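# Structural features, examined
As a plain string of letters, each chain reads:
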Amino acid sequence: MATGKINVSVDNIFPLIKKFLYSDHEIFLRELISNATDATLKLKHLTAIGEAKVEYGTPIIEVKIDKEGKKIHITDQGIGMTQEEVEKYINEVAFSGAEEFLNKYEDGAKDAGIIGHFGLGFYSAFMVAHKVEIITKSFKEDTQAVHWSCDGSPEFNLEPAEKEERGTEIILHIAEDSTEFLEENRISELLRKYNKFMPIPIKFGTRTETLPKPEDAKEDDPAPTQEVDNFVNNPNPAWTKQPTDLEDKDYKEFYRELYPMQFEEPLFHIHLNVDYPFNLTGILYFPKLTNDLNIQKDKIQLYQNQVFVTDNVEGIVPEFLTMLRGVIDSPDIPLNVSRSYLQADGAVKKISSYITRKVADKLNSLFKNNREDFEKKWNDIKIVIEYGMLSEEKFFEKADKFALYPTVDGAYYTFEELQEKIKANQTDKDDKLVILYASDKQSQHSYIQAAKAKNYEVLLLDSPIIGHLMQKLETSKEKISFARVDADHIDNLIKKEETQISKLSDEEKEKLKVSLEEVIDDKSYTVQLEAMDSTASPFIITEPEFMRRMKEMQQTGGGGMFGMGNMPDMYNIIVNTNHELVGEILNTKTAKKKERLINQSIDLAKLSKGLLKGEELTEFIKRSYEMVK
Ligand code: ADP
Ligand code: MG
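Remember, it's a predicted structure, so these values are computed and weren't measured experimentally. (Residues numbered from 1 in each chain as written. Chains lettered and ligands numbered in written order. Predicted model: local features only at pLDDT ≥ 70, side-chain atom pairs only at ≥ 80, totals over all residues. Heavy atoms only, no water.)

## Points about the overall build of the protein chain
Within the protein chain, the secondary structure is distributed over 19 helices and 22 strands. Taken across its 629 residues, the protein chain has 49% of its residues classed as buried. Across the protein chain, contacts joining residues at least 24 apart in sequence account for 71% of those joining residues at least 6 apart. As displayed, the protein chain has an accessible area near 32,400 Å², and 48% of this comes from carbon and sulfur atoms. (Helix = DSSP H or I, 4+ residues; strand = E, 2+ residues; numbered from the N terminus. Buried < 20%, exposed > 50% of the residue type's maximum accessible area, 1.4 Å probe, protein only. Contact = heavy atoms within 4.5 Å. Areas by Shrake-Rupley, 256 points an atom, 1.4 Å probe, with all protein chains shown as cover.)

## Remarks on helix 19 (residues 614-628)
Taking 1.5 Å of rise per residue, 15 residues should cover 21 Å, and helix 19 covers 22 Å from first to last C-alpha, within 8% of that figure. Among the residues of helix 19, those classed as buried are F620, R623 and S624. The arc enclosing the buried residues of helix 19, seen along the axis, measures out at 105°, which places them on a common side. Away from the buried face of helix 19 by more than 90 degrees, exposed residues E615, T618, K622 and Y625 are located. Among the structural elements, helix 18 (591-608) are those in contact with the buried residues of helix 19. (Expected span 1.5 Å × (residues − 1). Arc of directions from axis to C-beta.)

## Notes on the nonpolar core
F28, I72, F122, V132, W148, L172 and F254 are the most contacted members of the largest nonpolar core, which totals 63 residues. In terms of residue count, helix 2 (residues 27-48) provides more of this core than any other element does, 10 residues in total. In terms of domain composition, this core takes at least three residues from each of domain 1 (2-205) and domain 2 (238-376). Residues within four places of F28 in sequence aside, it is in contact with I72, S124, A125, M127, V128, L172 and F181. With 59 residues, the next largest nonpolar core counts F320, I351, M389 and I480 among its residues. (Core = buried A, V, L, I, M, F, W, Y, C linked by side-chain atoms within 4.5 Å. Domains from an automatic or database assignment.)

## Points about the sheet that holds strand 13 (residues 307-310)
The 5 strands are arranged 10-11-14-12-13 in an open sheet whose pairing can be described as mixed. Unpaired on one side and paired on the other, strand 10 (268-274) and strand 13 mark the two borders of the sheet. Strand-to-strand, the axes of this sheet are offset by a mean angle of 25°, without reference to chain direction. Pairing between strand 12 (residues 300-304) and strand 14 (residues 325-329): 4 bridges, direction parallel. Opposite Y303, over in strand 14, you have D329 as the bridge partner. (Pairing = 2+ DSSP bridges. Axes fitted to C-alpha atoms, helices over the stretch in contact; angles between N-to-C directions.)

## What about the environment of E68?
Mapped onto the elements, E68 comes out in the loop between strand 2 (61-66) and strand 3 (71-76). Put simply, E68 and L182 are 114 residues apart on the chain and 9.2 Å apart in space, counted from C-alpha to C-alpha.

## As for helix 3 (residues 83-90)
By the burial criterion, the buried members of helix 3 are E85, V86 and I90. Seen end-on, helix 3 carries its buried residues on one side only, within an arc spanning 100°. Contact partners of the buried residues in helix 3: strand 4 (129-137), strand 5 (146-150) and strand 6 (155-160).

## Observations concerning the packing of helix 2 against helix 6 (residues 184-194)
In the contact formed by helix 2 and helix 6, the axes pass within 10 Å of each other and the chain directions differ by 60°. Judged by the angle between their axes, helix 2 and helix 6 are oblique. The handedness of the crossing between helix 2 and helix 6 comes out as right-handed. Packed against helix 2, whose contacting residues are I27, L29, R30 and I33, the element helix 6 presents I187, L190, L191 and Y194 at the interface. Of the residues contributing to the contact of helix 2 with helix 6, the split by class is 7 nonpolar, no polar and 1 charged. (Parallel < 35°, antiparallel > 145°, perpendicular 65-115°, else oblique. Left-handed = near helix turned anticlockwise from the far one by under 90°. Nonpolar A, V, L, I, M, F, W, Y, C, P; charged D, E, K, R; others polar.)

## Describing the packing of aromatic side chains
Taken as a whole, this structure holds 22 aromatic pairs when the rule is applied. Ring centres 5.2 Å apart and planes at 85° place the aromatic pair F122 and Y123 in the edge-to-face group. A relative accessible area of 9% means that F122 is categorised as buried. Since its relative accessible area comes to 1%, Y123 is described here as buried. Taken together, a centroid distance of 5.0 Å and an interplanar angle of 45° make the contact between W239 and Y303 tilted. (Phe/Tyr/Trp six-rings, centres within 6.5 Å; stacked < 30°, edge-to-face > 60°.)

Following this line, the structure appears as structure tokens:
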């Protein structure tokens, strides 16, 4: 029997580990299972290269709770340790055996998927245990099994032990303040969270399996059952496989495995797979998104060698893609010691731009190979794409070729196609291409009709951030501008050379304006006389593009001009001086009748823009009944 002092660089590292290193006590299990996994994978590697002469077999890891004895056992059938190795790897805190193994077997070992890194994981056991024991036997021939134990002070015990099979058993004597970890449910939860996709099968208890009924069983005989080992993980998750070995249904199945509470199917997936200049695998899914940008509970999960790290992928994935779901696995993402936080650095930036590029390429190939399907999905993916175009210049350049602009009639154009299509008819006298759009087919119906009467194409743009995107397109492309159909009278939205002659003289116009302004006693409406086609509407209410867009942009965060969000809505009343009704109003002699005509006309204009409400609407209905009498 040997006793000795654990060799640490800091005088007493335990309080440090307990308090600061791992703020999350629950990660002890992840660390110990990671070590068991490493020990098994090392053996696999050594048998593969012929350095270990033992049968690798089908090793498993077992987690057992001994509630009575207040203990947790974690057992593996891996490489094990000799006495010298325990002294070296366990007693010398912060001397990572994993790192040493990686250095020694350089290339091959990297592929072996070893998790350990910092040489501190094992000691996280002391966060929940007042005493820890190791019983271990090396795979090497003729070695003595050893028993190490330590009660959390820097003193340890090391003695020979009885153990027949190779591998390691870790026994945690759970501390009084950590008895939650003796609950089966709690351990199940942790295994689900961290170990669901680890590469070595993990057994935790048993479960009851229903067997098929024997042929001669009677109708209401209960089906026979049997107790079988309960394995908690899928050691070969989809992202670790080759894309060529997977079918669409495999990706969908994996999605359900990742998010068991998610019943909606993903729209499509992107399989990530690089090994140079960094190593990264993963599968990203485009979920169906609603216009509500805030709801998001199922997030992208980050793994390292199949060990769950975090679902906060900020920095690794560009912000606009955090709306996606799925898995990213990369041993090259630098983490702090507790493996719970990312360390910002250049590698992370490279990963982020790789992911952006992959997503753009995938979208582009979907667009190219199956445009019809892409159009169908557009409504569900547009927010991500539009957001990406706004926030990542590189993505903008690529997405500009496949971003779609739907019309109110359900056609979909790329920007280039749209330009080609409307160039002849929608270029104004200043050589500017005016792109007309509506945000709501119902409430802007009459304006859409007016535009269509001129054979103009009207887009239907209704996502919450579209204002920002229009702003960006207007500044990055030449001579184009967007205008909502109700921003002005259609002849003013796309001004052509020909000018209409007014039927009214300047004097008559002045008189008309005064009469109108007397009746319309509301500061948010500005009267504007226009000589238009006599068949066009006599009165139209418009909402100038600039102000409205700025206000909308401010509501969806930034971009707009300061203070615009709180400005009242401003409208123009466009009066068609060439319309018969307007002439009639001008020439009506009785003041009462004139007022009634004006009120009725303005109310009709408001009605067609959905602005007639409350008392005004009641008044209007009353007046209308009187008029039809
Ligand atoms: P790391 O995993 O980062 O190397 P740990 O503190 O988790 O650091 O473990 C220290 C070392 O102890 C490991 O590198 C390994 O050599 C040894 N070790 C720990 N657990 C086991 C185990 N179950 N089987 C074999 N060796 C182990
Ligand atoms: Mg470790």
